[in-house]
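Chain by chain, the residues:
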Amino acid sequence: MTDELIARLSADLKPVRPRAMQRLLLGAVLLSAIIAITAMITWLGPRADIATAPMTMMFWTKFGYTLALSILGGAATLALARPDGVTRWPWRTGLALLALLLVGAVIQLASASAEEMPVLILGGTALVCPWRIVVLSLPVLLATMLALRRFAPANPTLAGFAAGIMAGGTGAWAYSFACGENGMMFLALWYTLGILIVGALGAVLGRLLLRW
Amino acid sequence: MQTDSTELRLRNLMLASLDGDAAAYRTLLAELGTHLRPYFTRRLTPAFAAQAEDLVQETLLAIHTRRMTYDRTRPLTAWLHAVAHHKFVDHVRRQSIRLTVPLDDDAPFFAHDDNADALARRDLSVVLDTMPARTGDLIRRTRIDGVSVAEAAAAHGMSETAAKVSIHRGLRSLVARFGGGEK
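Residues numbered from 1 in each chain as written. Chains lettered and ligands numbered in written order. Predicted model: local features only at pLDDT ≥ 70, side-chain atom pairs only at ≥ 80, totals over all residues. Heavy atoms only, no water.

S.K.: Could you give me a rundown of the UniProt feature "domain: RNA polymerase sigma factor 70 region 4 type" (unreviewed entry) in chain B, with the residues and numbers involved?
M.R.: Here, UniProt's "domain: RNA polymerase sigma factor 70 region 4 type" (unreviewed entry) annotation points to residues 123-174 of chain B. In residues 123-174 of chain B, the share of helix is 81% and the share of strand is 0%. The end C-alpha atoms are 13 Å apart. (UniProt positions renumbered as here; feature names shortened; annotations may be inferred. Helix = DSSP H or I, 4+ residues; strand = E, 2+ residues; numbered from the N terminus.)

S.K.: Let's hear about the pattern of salt bridges: which residues, and what values?
M.R.: It is possible for side chains bearing opposite charge to pair when their charged atoms get close. Overall, the coordinates contain 10 salt bridges over all chains when judged by the stated rule. Close ionic contact of R74 of chain B with D84 of chain A constitutes a salt bridge, the shortest N to O distance being 3.7 Å. Here D84 of chain A lies in the loop between α3 (57-80) and α4 (89-110) and R74 of chain B lies in the loop between α3 (52-65) and α4 (76-98), a pairing that spans two chains. R140 of chain B is paired through a salt bridge with D129 of chain B; the nearest N and O atoms lie 3.3 Å apart. Of this pair, R140 of chain B sits in helix α6 (residues 133-145) while D129 of chain B sits in helix α5 (residues 114-129), and the two are 11 residues apart along the sequence. Residue class for R140 of chain B comes out partly exposed when judged on its relative accessible area of 26%. (Salt bridge = Lys/Arg side-chain N within 4 Å of Asp/Glu carboxyl O. Buried < 20%, exposed > 50% of the residue type's maximum accessible area, 1.4 Å probe, protein only.)

S.K.: Now, about the packing of aromatic side chains: what can you tell me, with residues and values included?
M.R.: Residues and elements named next belong to chain A. The final tally for this structure, using the stated rule, is 13 aromatic pairs over all chains. Seen from their ring centres, W173 and F177 are 5.2 Å apart, and the 90° between their planes marks the pair as edge-to-face. Neither W173 nor F177 differs from the other in exposure class; each is buried. Three or more aromatic residues joined by ring pairs form one cluster here, namely F59, W60, F63, W173 and F177. (Phe/Tyr/Trp six-rings, centres within 6.5 Å; stacked < 30°, edge-to-face > 60°.)

S.K.: A description of the domain arrangement of chain B should follow, citing residues and the corresponding values.
M.R.: By domain assignment, chain B separates into domain 1 (4-98) and domain 2 (114-178). One C-alpha centre belongs to domain 1 of chain B, the other to domain 2 of chain B; they are set 62 Å apart. (Domains from an automatic or database assignment.)

S.K.: Help me get a handle on the packing of helix α6 (residues 129-148) of chain A against helix α8 (residues 184-209) of chain A, residues and values and all.
M.R.: All names here are of chain A. At a minimum axis separation of 9 Å, α6 and α8 run at an interaxial angle of 35°. Remark: the crossing between α6 and α8 carries right-handed chirality. Here α6 contributes C129, P130, W131, I133, V134, S137, L138, L141 and M145 to the contact with α8, which in turn contributes F186, W190, Y191, L193, G194, I195, I197, V198, L201, G202, L205 and G206. (Axes fitted to C-alpha atoms, helices over the stretch in contact; angles between N-to-C directions. Left-handed = near helix turned anticlockwise from the far one by under 90°. Contact = heavy atoms within 4.5 Å.)

S.K.: Break down the UniProt feature "transmembrane region" (unreviewed entry) in chain A for me, citing the residues and quoting the values.
M.R.: All names here are of chain A. The UniProt record marks residues 24-43, 63-81, 93-114, 120-146, 158-176 and 188-210 with the feature "transmembrane region" (unreviewed entry), using the residue numbering of this structure. End-to-end, the C-alpha atoms of residues 24-43 are 28 Å apart, and along that stretch the chain is 100% helix and 0% strand. Secondary structure within residues 63-81 divides into 95% helix and 0% strand; the distance between the first and last C-alpha atoms comes to 27 Å.

S.K.: Tell me about the packing of α6 of chain B against helix α8 (residues 160-178) of chain B, and please be specific about residues and values.
M.R.: Residues and elements named next belong to chain B. Packing of α6 against α8 brings their axes to within 9 Å, and their N-to-C directions diverge by 95°. Put simply, α6 runs roughly perpendicular to α8. For the pair α6 and α8, the contacting residues are T135, L138, I139, T142 and R143 in the first and A163, S166, I167, G170, L171 and L174 in the second. Looking at the contact of α6 with α8 residue by residue, the classes come out as six nonpolar, four polar and one charged. (Parallel < 35°, antiparallel > 145°, perpendicular 65-115°, else oblique. Nonpolar A, V, L, I, M, F, W, Y, C, P; charged D, E, K, R; others polar.)

Right, dumping it as structure tokens:
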């Protein structure tokens, strides 16, 4: 029986390219990120001042924070998608980034006038921002889950969470081109909330789909 | 612990396999089979030792379908161990689920009291023992064990009618003794 299986498996052997996991995951993310960006453009449209926005610090803060979380989530996903995978540094670095952002937000708020405060914290879109991020993240989450099904995570729930953070970061990054908010506290609260919702979604999906 | 020479040899086989060397792969899988069999047999309780072969096959299959997740720069034995461990835990978990009662068989919690049943059964057997042996046995069979009158009658070599009369008389005498008078 077992000999038969071994014969069958070795007849089925196909070469595996070096860094096959990285290629597969990166391919899934890039492809689905294009879908997310297309969805952002057709559904929400880029912010009205998109031509001048790249001159502002806040544009790049949003750009950098979301992209960094996406990359950190991807690094964690790659580590956790292996049977012998453990990782801590992406989580720590992510939390450090959030802490840094909060420090910047407090400094920004400290120099703001009383009328500016609600604009910097709640803006005009605090209630819709997390949900728009979730929607834009869905294609990325779906694609990474499909890729992850071919991997072998030691802990499917945790690997799903990491994939969710990566998808959430990518979706939030796509959303940052449509979002005209300028508060660092807004970014720290509502973007992070949206990304965490996608992370939780990924954890649930991982538990259900990533068993092997 | 695996010795370094084992790690080195298996890893070389694995690296060749990942590059598509079917002969190396076959050697690797065969050798892994001989390592995995005692590994699982040791971990299973003797009653389940027969499942070791299933686990070996499941693990070899997982090694095959998930071979992409082996990082060529890291020790192979650690990766193999993690796969085997995962398959073992998964197996035990599924086994324990299978050993429980399906949910729809789950009768209401208080529907059945074993203790009260046992007490009633003991009283009943004391009472039945005071009766003529054949009558008591007929009643026990037909009214407690749920056997048909015809079968109970056959067991005592009597006709069905005679058995019915005997049971009827026996029950009437029981009512007379324990019925607690007119109701």
